[in-house]
Amino acid sequence: MRRVLVGLRFATGGFLALLVLGCASTKPPALPPPAPAAIQPTPLYEWNPEGLVGEPSIIIDLRAQRAEIYIGGQYAGWSVVATGKEGFNTPAGEYRILEKLVDKYSTLYGKTVDAGGSTVKADADVRRDRPPQGGRFVFAPMPYWMRLTWRGIGMHAGPIPRPGSPASHGCIRLPRAFAPQLFEFVRIGTQVRIVR
């Protein structure tokens, strides 16, 4: 570090000396701290059907909120699911896929919106929730529908707001990115076992 002496002469003839310290260090400036590592999202599914042959089958664990998929008896992957919340429990049992539809809408659940399209009630039931004057009932989309019962239970793409927790009206919701992949792989008659 070098020192610089600066002198000032005043009108009275006095002289004032100021000592100014300047930085002339040979050290490089400190680098900013590294940015925190990007937080990786928790995966919602893993799917590895390549090279596997045979009939697919699915086991849905209601406690774990997880589906495990097998092809020809060999493990092909897993997915988080959101099954029926309290009061809308998903029934355990042995099922087969009865119907497959790419575009399906609920006939009971959805939301009510006002005349401008703003949501009035997000979790509405057509049997008891009426839209306001000029509004309408918007039925919930259930894309990649795989029916398990004729009473309205099936698997489909849908929101999983808190992975590991039930959230549906009884159906088995699958992650939106995974549902079309599973839909393409299963067929009418594929076995689905739902366990507690």
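For the structure itself, look to the data block above.
Residues numbered from 1 in each chain as written. Predicted model: local features only at pLDDT ≥ 70, side-chain atom pairs only at ≥ 80, totals over all residues. Heavy atoms only, no water.

Description of the pairing of strand β4 (residues 56-61)
- Residues of β4 alternate between two faces, with Pro56, Ile58 and Ile60 buried on one and Ser57, Ile59 and Asp61 left unburied on the opposite face.
- Taking the residues between adjacent antiparallel strands as the criterion, β4 and strand β5 (residues 66-71) are bridged by four residues, where glutamine 65 takes a positive phi near 55°. (Buried < 20%, exposed > 50% of the residue type's maximum accessible area, 1.4 Å probe, protein only. Helix = DSSP H or I, 4+ residues; strand = E, 2+ residues; numbered from the N terminus. Pairing = 2+ DSSP bridges.)

Remarks on the side chain of lysine 104
- Its location among the elements puts lysine 104 in the loop between β8 (99-101) and β9 (105-113).
- Buried charge without a partner: lysine 104 forms no salt bridge, and the closest opposite charge is glutamate 99, 6.0 Å away. (Lys, Arg positive; Asp, Glu negative; His and termini not counted. Salt bridge = Lys/Arg side-chain N within 4 Å of Asp/Glu carboxyl O.)

Some words on the pattern of salt bridges
- Summed over all chains, the structure comprises eight salt bridges.
- Measuring nitrogen to oxygen at the nearest pair gives 3.2 Å for the salt bridge that ties arginine 66 to glutamate 68.
- On the basis of relative accessible area, arginine 66 is assigned to the partly exposed category, the value being 28%.
- The closest approach of N and O atoms between arginine 128 and aspartate 125, which form a salt bridge, is 3.2 Å.
- Look at aspartate 125 and you get buried, because its relative accessible area is 2%.
- It is possible to trace a salt-bridge network through shared partners that takes in Asp125, Arg127 and Arg128.

Here we look at the pairing of strand β15 (residues 191-195)
- Only one face of β15 is buried: it carries Val192 and Ile194, and the other face, with Gln191, Arg193 and Val195, is open.
- In this sheet, β15 lies alongside β4 in parallel orientation, the contact comprising five bridges. Residue pairing for β15: isoleucine 60 is matched across the bridge by isoleucine 194.
- Here strand β7 (residues 93-96) runs beside β15; their pairing, made up of four bridges, is antiparallel. When the sheet's bridge partners are listed, glycine 93 is paired in β15 with isoleucine 194.

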